[in-house]
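One letter stands for each residue in the lines below.
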There are 2 protein chains.
Amino acid sequence: MSKIFVIGHKSPDTDSIAAAISYSYLKQQQGVDAVAARAGELNKESKYALDYFKVAEPEYLASVEPGTQLILVDHNESKQCVDGVKEADVLELIDHHRIGDFETANPIFILVRPVGCVNTVIWGLYKAAGIQPSKAVAGMMLSAIISDTVLFRSPTTTEEDKKAVAELAEIAGVDYEAYGMDMLKAGADISDYPAEKLAHNDTKEFESNGKTFSCGQISVMDLAPINEKKADIMKALEATKAEKGYEASYLMVTDILAEDTYLWFTAGAEEAAEKAFGKKAENGYVYLPKVMSRKKQVAPFLLKVYGE
Amino acid sequence: MSKIFVIGHKSPDTDSIAAAISYSYLKQQQGVDAVAARAGELNKESKYALDYFKVAEPEYLASVEPGTQLILVDHNESKQCVDGVKEADVLELIDHHRIGDFETANPIFILVRPVGCVNTVIWGLYKAAGIQPSKAVAGMMLSAIISDTVLFRSPTTTEEDKKAVAELAEIAGVDYEAYGMDMLKAGADISDYPAEKLAHNDTKEFESNGKTFSCGQISVMDLAPINEKKADIMKALEATKAEKGYEASYLMVTDILAEDTYLWFTAGAEEAAEKAFGKKAENGYVYLPKVMSRKKQVAPFLLKVYGE
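Rules of the game
Residues numbered from 1 in each chain as written. Chains lettered and ligands numbered in written order. Predicted model: local features only at pLDDT ≥ 70, side-chain atom pairs only at ≥ 80, totals over all residues. Heavy atoms only, no water. Buried < 20%, exposed > 50% of the residue type's maximum accessible area, 1.4 Å probe, protein only. Helix = DSSP H or I, 4+ residues; strand = E, 2+ residues; numbered from the N terminus. Pairing = 2+ DSSP bridges. Right-handed = clockwise from strand over helix to strand, strands pointing away. Axes fitted to C-alpha atoms, helices over the stretch in contact; angles between N-to-C directions. Contact = heavy atoms within 4.5 Å. Nonpolar A, V, L, I, M, F, W, Y, C, P; charged D, E, K, R; others polar. Buried area = accessible area lost by both parts, 1.4 Å probe. Salt bridge = Lys/Arg side-chain N within 4 Å of Asp/Glu carboxyl O. Least-squares fit on C-alpha atoms with pLDDT ≥ 70 in both. Domains from an automatic or database assignment.

**Points about the pairing of strand β1 (residues 4–7) of chain A**
Residues and elements named next belong to chain A.
Then comes step 1: Here β1 shows two buried faces, one formed by I4 and V6 and the other by F5 and I7.
Then comes step 2: Strand direction decides the pairing type here: β1 and strand β2 (residues 34–38), joined by four bridges, are parallel. Residue pairing for β2: I4 is matched across the bridge by A34.
Then comes step 3: Crossover β1 to β2 through helix α1 (residues 14–29) is right-handed.

Pasting the structure below:
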């Protein structure tokens, strides 16, 4: 059998990077010529984890040739897949997301489980196969679970995610809490990011009732550095809003230690933001305590207001 | 947690019936209030197996209420699901087919494996959980595997299917070869079936590129009885095709001893059938030697032609 690429989603997070590494390692132990790949640039958090555990970067694939053999990890919706996936040969899917527009011509191995991180699913497959990851691979797997669950703070965290981290930390030989905080800090370091990049960090478009708005999100451990750049960030957000014809642009500045979010908005969106969350705005933002999830806690309320 | 129905596809075969029984039994052992259900009439083969192992019929659901909790086994395409599934709450999917238009709002447990029978997948889940089926449930499981693999004659058969039957036969205490031939014979007896029923035996709908076609399958041990009824069967197929607005309706008449299939088709489908299989049609059918599997050897080729 020819080479099989194990690949996560575009704009990969640490879970997609680690899953490509951990699942390809498992397949290699089972005699399969599997190679870890990535569909985009590494973020700072992933770089920190790869450096710490001395693991090579997955191979970058800008797109794939027709007939390339792929195993998809951590995603299944076509918009998130590496370019060319429609003509590729998808052999397996290991995920922890909802199923979107995923289709196959033939039956393939698919395992999706509603846990906080796909590396928790992959850890289950290691155990079922009676195979142990290397120290370094175990380190990448626990990095992924810490990243996706924000060290167990996210409401998506399950008991199994916590158990997996404890077990993997034994193999990797790390104090996962201390390591995890350092890794999250590295990922949240925005000091050398230009305002333009911060304004569009992890931005998604939403449409309701013919009105389109955008909402990005940045996770930080300290509000001071981003607040210092606020004027420039808002200028960039206003420019994009005008250019794309959005009703408004939002940016969730999420404090991952305090577990709350400051929802920044462009000029004129004050009324919508106040209405969506039933809160008074101040200085161009709405303060949302215990809100960390765009998908669950922010987007639905904005969509409702724009839908009226 | 309220009652959860474990249900297979419409026009259920022995695999769908046995999977509803075996997976609900497994969930019950794990403390879940799971109930075996069926989305259509039992066929003769399933009746034979249920009688032999003295197992109660799954509960018949003509449709489900909004919010009903379902676990889907042995199917995932919406056209094959019990009526009302779109407003139901699908909690899990255990399957061995291609993924069609299956979507979920949230992440759920999904396990799909490319083996001959979904009861082989379920047997793997029993082993992973360290739970043993009752004699009767093991009997239903091995009946399903024998049915889907036509006693290992189908090209969809894997070594794991064979191993599962051997292991389940130990628990059920049966000679699976002798029992299997008797069960297949019971299922292949069409002598008292009206043409209308034969026309719609184990029928599945498929959609590709906005075009819908149906394909049923009948396994026989002797071609003469069904050929005698061909004119009436085709009349019934044409009527349903017109009523439902299908592009075409197909019926696989599979000779399980010779291990080949006569693919009958409705008027106007000759070109599509010939193109799909690269074979000349004769008298309203395409002869397909060594073809027994709709899933692997028929549906993908028809889907491709209609997708163009």
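**Here's the deal with the packing of helix α3 (residues 118–129) of chain B against helix α4 (residues 135–149) of chain B**
All names here are of chain B.
Then comes step 1: Two numbers describe how α3 lies on α4: the axes approach to 9 Å, and their chain directions differ by 140°. Residues N119, T120, I122, W123 and Y126 of α3 pack against V137, M141, A144 and I145 of α4.
Then comes step 2: When the residues that make up the contact of α3 with α4 are grouped by side-chain class, the tally is seven nonpolar, two polar and no charged.

**A closer look at the interface of chain A and chain B**
Then comes step 1: Across the contact, 19 residues belong to chain A and 21 residues belong to chain B.
Then comes step 2: Carbon and sulfur atoms make up 59% of the area that chain A and chain B hide from each other, which totals about 1,600 Å².
Then comes step 3: By the criterion of area lost to chain B, the three top residues of chain A are R98, I99 and P107 of chain A, representing 32% of everything that side buries.
Then comes step 4: Taken together, the connections running from chain A to chain B amount to two salt bridges.

**Here we look at the pairing of strand β4 (residues 69–73) of chain B**
All names here are of chain B.
Then comes step 1: β4 sits mainly inside the fold: five of its five residues count as buried.
Then comes step 2: Of the two faces of β4, both are covered, the one formed by Q69, I71 and V73 as well as the one formed by L70 and L72.
Then comes step 3: Alignment of strand β1 (residues 4–7) against β4, held across four bridges, turns out to be parallel. Counted as the bridge partner of I4 is Q69 from β4.
Then comes step 4: When β4 meets strand β5 (residues 89–95), the two strands line up parallel, connected through five bridges. Along β5, the bridge assignment pairs Q69 with D89.

**Quick look at the relation of the copies chain A and chain B**
Then comes step 1: Rotating chain A by 176° and moving it 2.3 Å along the rotation axis overlays it on chain B with an RMSD of 2.8 Å.
Then comes step 2: Most of the interface of chain A is mirrored in chain B: 100% of its interface residues are interface residues there too.

**What to know about the domain arrangement of chain A**
All names here are of chain A.
Then comes step 1: You can read the domains of chain A as domain 1 (4–188) and domain 2 (195–307).
Then comes step 2: If you look at the interface, domain 1 gives six residues, while domain 2 gives seven residues.
Then comes step 3: Summed over both partners, the interface of domain 1 with domain 2 buries about 720 Å², with 74% contributed by carbon and sulfur atoms.
Then comes step 4: Sorting the residues of domain 1 by area buried against domain 2 places R153, P155 and A188 first, and these three jointly supply 56% of that buried surface.
Then comes step 5: Taken together, the links from domain 1 to domain 2 amount to one salt bridge.

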